Each structure stands twice: as C-alpha cells, then as structure tokens.
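Residue-level listing of the chains:
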Amino acid sequence: MNGSGVCQDLPGAVDSPWGSVVAVSFQPLTDHQLHDLADDQLIAYIRAGRDAGEREVAKRALWFLVDGHEADVRRRLRLRLPKDAPFDDLAHDVLVRAVGSAFDGRSIGQFRAWLNTIVDRAAVDYYRAQGRQPPQTALPSEHLGDDDVWTQEPGVESEAGAVELRLVKDEVMAEFNDVHRHVLELHVFGGLTAPEVCDRMDGVSEANVAQIASRFRKRLKERLDAGGGDTP
Amino acid sequence: MTSIQQLLAEYISEHRAGGLADPIAFVQRAAPADRDKLTDLIDGYLSRTPRRRSDPAKRAGSPAERIVAELEPIIFGPVGWSVLLPQLRSEAKLKRSDLVARLAAELGVADRTEKVAVYYHEMEQDRLRPDGVSTRVLEGLGKLFGRSAEELRAAARGPSHPGDGLTETTWFARSVSTSDAVGSPPAAAGDESDDWDEVDELFCGG
C-alpha cells in the first residue's frame, strides 16, 4: 500500500509522485499535490474523480490543467500569427480541442505533444481561413553541444512522426530537474556557451553544464535509437 | 554572447520568474535578420516548458474557467437540471413561486399554477424525463432565464451519465392534481390517470 491507502500494481494503476494510484476509492488531492502531477497524471486523476462522481473536485483539477497551459498557448500563437489575430479566442479553441481530445481518445501520444500539434494546426488553419500562406521559416538546427552538431533536421515526414519526436524530447527533458532543464534550455536549445550559462545561473559550474548536456545527448540518442527513427 | 542568445536567456528568465514574458517584445528587440531565429527559439522553449503553477484565487472569471465551462458537458456529461435550474433561478433573482407563476402564465395555464409548481419542482430534482418535457416549457423557462431552449435541453441528464455515481434514476410522470403537495413520492414512469390534461402534456408528453 502507498501512503494513500491504495494498492499498487492493480489494473488501471497510474504513477504519481506518491506511488501508484488507482481509482479504487478516489481520494481528492490538495492544490499542492495537483501542481506536482504531470499532465497525463492529472488527466488520469480528472477521469478518476469524474468516474467516482466527484464532479466539482474533478472540475477543479481540470482548471489546473487548462490554466497551467493557457498563457503559453497564447504566447506561442502570438509568435506565429499577425498582431490583429484574435489570440484569446484562438487559444480558447486550441485548449478546448486539445483537452477534449485527451478525454475522447482522439489525441495522438501524450497530452503535451498533442497540445503542441494543435497549436501548430491552429496557426496554419488561421492563415488558410484568411486566404493567406503561413510564413515559411526554416527549422532551427538543433545543437547537441560544441562537439556534436546536427547538420540536418531529423527526418519527420508525417505529423505522427513530428509528434513522436517532440514526445521523445519532452520525455527526456522531463527526466531532468528544474535547474538542469534551465541549463538545457540555455545551453542545448539556446546555444549559450557553458561560461555564459554559469554567468546567468548561481551554483552551476562549467563542468556541471557539460555533464548535464552530455547526459541529455546520451539519453536522447538512446530513446531515438530505441524508437528506430533516423539518427541525426 | 550573441544578441539573439542574450535575448533568449532574458526571455527565459522573465518567463521562469512569472513575468509578462511577451514574446513579441523580445523578438522586436532583435536585429531584423535574427527575428525568425529568435521566434523559433522562444517557440521551442514555450513548447517544452512545464505547466505553470496556478493560483486558485484567480480562478473565477479567468480564461481557463471559461474553457472549463465549455469542456464540462464534453468531459463530465450534462450538468443536469438539478444543478442548472436553481443556478439560473439564483442568477435571475427569482423566487421559485414567482418563476412558477410567470411560467404558468407564459404557457397559458395560469389557472393551474399549483400543478406547474409540482412539475417544476420535479424538474429541479432531475426526476422528469427530459424527452417528456415539451419545447414550449423550455422556451418559457428560457425567456425567464435569458437562455435558449436548446441550451436547457442539452443540460438535461438521462438515466445514467459519467460521474452520476448512480445506477438508476426513477422517473416521475403522472397526472398531478392541484391538491398534491410538492415533494410527495413520485409514481413509476408512464403512470397516467384519467385527468391527464394540458399541463401533464406539457411536462410529460414530449
């Protein structure tokens, strides 16, 4: 039994920071506990609450899920669309579609990857509805560090492939704690050198930066190789 | 450090600190030749960053609350008249007796207001079959609440819905005499007596 009095390894068990949780007897979580759940754990919790008849408790958790992403969805749409686009309405529609799909089985892969796909589609659909072409921007070349630079983008010809690649990157990033993720955002994705990262982050040495980046590169390659995709 | 990287690092710092983090403001600070690149880098960061911590004190009236309201029937099923009607009545600041009187007048059965009261009470208990309640009744209620008949119909619950916590629902459908008190035990569905009248037809005839 875990601390919630629920047995592990039962059908339908979902991992949580407090061990496996099963909707045998639904236990409402505190706001602090809800914050600690990953998106897919939160969705499982909402389903469990709904099925247990705890509608208001499940709705509260649903609000956490939606509110946690709403501002960044709007920011991403602002980056992609002209300044007179109805960002609030578009963000509303994106989240209704993405969250609704997560509960009716239409989503592909994990929630975050699916949400990102819906954002991409919303931007393209907006331009098409306006009778315009979306701006053509080159994909960024992703650098795995000074010693190992991808010379071409990973081959993802299908939407499912793009979702899968994002999913793998997101999953590998999720293995790192908050400080390490910040290092990766600045050094691996942002292109800052190790000294530049150290200037911005207290308690992080150049050796730390190199180790974190190396571990990320290794994990990403392991995951991509295991998935059978093209190795960059 | 290049300018584009400095801007990205500043953006990430502001975003992580819970600041405004308006991406356009940062992109516009970049050299024109670098703006597409910075756009992609910020977009990539935002697509990866974890879900932000929410403040429940700001839930009421938030954009997320409006999204949840639209998702609610999709995820949880119809809210049911037992929840919606009292809520709408409260928003309209109508006592039940006033609402019933106005509804009966709207339906042209003001002389049988007590019977309408019994049926309306059953609606607020989710004990009337939704498909038995006529559109005229819902249109009449809709006028009083400022909602459409379709919206009221969509909120009705059938015999079982996810999150009900119930395995069956007993339906109330009988001819109610004016001497019946509100809250008397419901009869089985389809139990019609000889004095079936227009009010019965409005609330149970479909």
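Residues numbered from 1 in each chain as written. Chains lettered and ligands numbered in written order. Predicted model: local features only at pLDDT ≥ 70, side-chain atom pairs only at ≥ 80, totals over all residues. Heavy atoms only, no water.

Draft legend 1. Just the confidence of the model for chain B, in detail. Residues and elements named next belong to chain B. Mean pLDDT over chain B stands at 84; residues scoring 70 or higher make up 81%. Confidence drops under pLDDT 50 across residues 173-191; counting only partners more than four residues distant or on other chains, this segment forms 35 contacts. Interface confidence for the predicted complex, given as ipTM, is 0.72, next to a pTM of 0.67. (pLDDT = per-residue confidence, 0-100. Contact = heavy atoms within 4.5 Å.)

Draft legend 2. A look at the packing of aromatic side chains. A full pass over the atoms with the stated rule returns eight aromatic pairs over all chains. Taking 6.1 Å as the distance between ring centres and 80° as the angle between the ring planes, the aromatic pair formed by A:Tyr126 and A:Tyr127 counts as edge-to-face. Considered together, A:Tyr126 and A:Tyr127 belong to a single accessibility category, that of buried residues. Each ring, one from A:Phe189 and one from A:Phe216, has its centre 5.8 Å from the other, and the planes form 70°; the classification is edge-to-face. Residue A:Phe189 is located in helix α7 (residues 178-189), and its partner A:Phe216 is located in helix α9 (residues 206-227); the two are separated by 27 residues in the primary sequence. Considered together, A:Phe189 and A:Phe216 belong to a single accessibility category, that of buried residues. A network of ring pairs unites the aromatic residues A:Phe176, A:Phe189 and A:Phe216 as a single cluster. Across the ring face of A:Phe87, the terminal group of A:Arg78 is positioned such that the distance to the ring centre comes to 5.6 Å. The side chain of B:Arg48 reaches across the aromatic face of A:Phe189, ending 3.5 Å from its centre. (Phe/Tyr/Trp six-rings, centres within 6.5 Å; stacked < 30°, edge-to-face > 60°. Buried < 20%, exposed > 50% of the residue type's maximum accessible area, 1.4 Å probe, protein only. Helix = DSSP H or I, 4+ residues; strand = E, 2+ residues; numbered from the N terminus. Lys NZ or Arg CZ within 6 Å of the ring centre and 35° of its normal.)

Draft legend 3. Highlighting the packing of helix α6 (residues 96-107) of chain B against helix α7 (residues 113-124) of chain B. All names here are of chain B. As a packed pair, α6 and α7 sit with axes 9 Å apart at the nearest point and diverge in direction by 115°. Viewed along their axes, α6 and α7 form a crossing whose handedness is right-handed. For the pair α6 and α7, the contacting residues are Arg96, Leu99, Val100, Ala101, Leu103 and Ala104 in the first and Thr113, Val116, Ala117, Tyr120, His121 and Glu124 in the second. Partitioning the contact of α6 with α7 into residue classes produces eight nonpolar, two polar and two charged. (Axes fitted to C-alpha atoms, helices over the stretch in contact; angles between N-to-C directions. Left-handed = near helix turned anticlockwise from the far one by under 90°. Nonpolar A, V, L, I, M, F, W, Y, C, P; charged D, E, K, R; others polar.)

Draft legend 4. Highlighting the layout of surface pockets. For the second largest pocket, the calculated volume is near 1,200 Å³. Lining the second largest pocket we find 36 residues, and of these A:Arg112, A:Arg181, B:Thr49, B:Pro50 and B:Arg51 sit closest to its centre. Those elements that place two or more of their residues in the lining of the second largest pocket are α1 (31-36), α2 (39-51), α3 (55-80), α5 (111-129), α6 (159-174) and α7 of chain A together with α1 (3-16) and α3 (35-48) of chain B. The element contributing the most residues to the lining of the second largest pocket is α6(A), with five residues. Partitioning the lining of the second largest pocket into residue classes produces eleven nonpolar, nine polar and 16 charged. (1 Å grid on protein atoms, 1.4 Å probe; cavity = no way out; pocket = protein on both sides within 12 Å on 5 of 7 lines; lining within 4 Å. Points joined across faces, edges and corners; volume = space filled by probe spheres on them.)

Draft legend 5. Molecular detail of the interface of chain B and chain A. Counting from both sides, the interface comprises 57 residues of chain B and, opposite them, 56 residues of chain A. Area buried by chain B at its contact with chain A is led by B:Arg48, B:Arg51 and B:Phe76, which between them contribute 16% of it. On inspection of chain B and its partner chain A, the count reaches nine salt bridges. In this structure, the salt-bridge partner of A:Lys59 is B:Glu72, at a minimum N-O distance of 3.3 Å. Across the contact surface, chain B and chain A share 30 residue pairs in polar contact (both at pLDDT 80 or more). Looking at the side of chain B that touches chain A, the elements that each hand over two or more residues are α1, α2 (23-27), α3 and α4 (63-76) of chain B. A breakdown of the residues in the side of chain B that touches chain A according to their chemical character gives 26 nonpolar, twelve polar and 19 charged. (Buried area = accessible area lost by both parts, 1.4 Å probe. Salt bridge = Lys/Arg side-chain N within 4 Å of Asp/Glu carboxyl O. Polar contact = N/O pair within 3.5 Å; in protein donor to acceptor, adjacent residues only side chain to side chain.)

Draft legend 6. Region of interest: the confidence of the model for chain A. All names here are of chain A. For chain A, mean pLDDT is 79; residues scoring 70 or higher make up 71% of the total. For chain A, per-element mean pLDDT is lowest for strand β2 (residues 19-21), which scores 62, and highest for α3, which scores 96. Long-range and interchain partners of residues 1-11, a stretch whose pLDDT sits below 50, account for 17 contacts in this model, where long-range means more than four residues apart. Note on residues 228-232: pLDDT is under 50 here. Beyond four places in sequence and across chains, it has five contacts.

Draft legend 7. Highlighting the nonpolar core. Judged by nonpolar contacts, the single largest core of 44 residues is most densely connected at A:Leu42, A:Ile46, A:Leu62, A:Val66, A:Leu77, A:Leu81 and A:Val99. Listing elements by their share of this core, those giving two or more residues are α2, α3, α4 (87-104) and α5 of chain A together with α4 of chain B. At ten residues, α4(A) tops the list of elements feeding residues into this core. Ignoring anything within four residues of it in the chain, the contact list for A:Ile46 reads A:Ala58, A:Ala61, A:Leu62, A:Leu65, A:Phe103 and B:Phe76. Counting residues in hydrophobic clusters, the runner-up holds 38 residues, among them A:Val197, A:Ala213, B:Val27 and B:Leu41. (Core = buried A, V, L, I, M, F, W, Y, C linked by side-chain atoms within 4.5 Å.)

Draft legend 8. Layout of the pattern of salt bridges. Under the counting rule described, the total for this entry stands at 36 salt bridges over all chains. A salt bridge links A:Arg74 to A:Asp88, with the nearest nitrogen and oxygen atoms 3.6 Å apart. Taken together, the positions of A:Arg74 in helix α3 and A:Asp88 in helix α4 put the pair 14 residues apart, joining distant regions of the chain. If you follow the salt bridges from partner to partner, you end up with B:Asp111, B:Arg112, B:Lys115, B:Arg136, B:Asp197, B:Glu198 and B:Asp200 in one network.

Draft legend 9. Representation of unusual backbone geometry. Even without glycine at this site, B:Lys93 takes up a positive phi of about 55°. Relative to the assigned elements, B:Lys93 resides in the loop between α5 (81-91) and α6.

Draft legend 10. Structural context of empty space enclosed by the protein. All chains considered together, the criterion is met by two cavities of 30 Å³ or more. Elements with a contribution of two residues or more to the lining of the largest cavity: α3 and α5 of chain A together with α3 of chain B. Tallied by class, residues from the lining of the largest cavity come to four nonpolar, three polar and three charged.

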